[in-house]
Amino acid sequence: MHMFRAIADVLRQIGGAIATVVTLPFRAVARLFGGASGSTRSRRA
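Summarised in this report is the structure supplied together with it. Small disclaimer: the values here were computed from a predicted structure and weren't measured.

Digging into the overall build of the protein chain
Inference 1: Scanning the protein chain from terminus to terminus reveals 1 helix and 0 strands.
Inference 2: Across the 45 residues of the protein chain, 2% fall into the buried class.
Inference 3: Split by element, the accessible area of the protein chain, about 4300 Å² in all, is 71% carbon and sulfur.

Right, dumping it as structure tokens:
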């Protein structure tokens, strides 16, 4: 039982790292385009 919990923790950490690595470029691109075109839109709303 303890081994399965350790494996689950490792998989969770790997999944979190993959998620951050995958979402970071999209976040950077969204910030670039959002800062240029979406800033006026967000101020109105």
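Here's the deal with the pattern of salt bridges
Inference 1: Tallied over the full model, the rule gives 1 salt bridge.
Inference 2: Between Asp 9 and Arg 12 there is a salt bridge, with the nearest N and O atoms lying 3.0 Å from each other. Note that Asp 9 and Arg 12 are positioned in helix α1 (residues 2-44) at a spacing of 3 residues, about one turn of the helix.

Examining a nonpolar patch on the surface
Inference 1: A surface patch of nonpolar side chains, amounting to about 950 Å² of accessible area, comprises Met 3, Phe 4, Ile 7, Val 10, Leu 11, Ile 14, Ile 18, Val 22 and Phe 26.
Inference 2: The topology assignment puts Ile 18 in helix α1.

Basis of the calculations
Residues numbered from 1 in each chain as written. Predicted model: local features only at pLDDT ≥ 70, side-chain atom pairs only at ≥ 80, totals over all residues. Heavy atoms only, no water. Helix = DSSP H or I, 4+ residues; strand = E, 2+ residues; numbered from the N terminus. Buried < 20%, exposed > 50% of the residue type's maximum accessible area, 1.4 Å probe, protein only. Areas by Shrake-Rupley, 256 points an atom, 1.4 Å probe, with all protein chains shown as cover. Salt bridge = Lys/Arg side-chain N within 4 Å of Asp/Glu carboxyl O. Patch = residues over 30% accessible without salt bridge, like charges linked within 9 Å, V, L, I, M, F, W, Y side chains within 5 Å.

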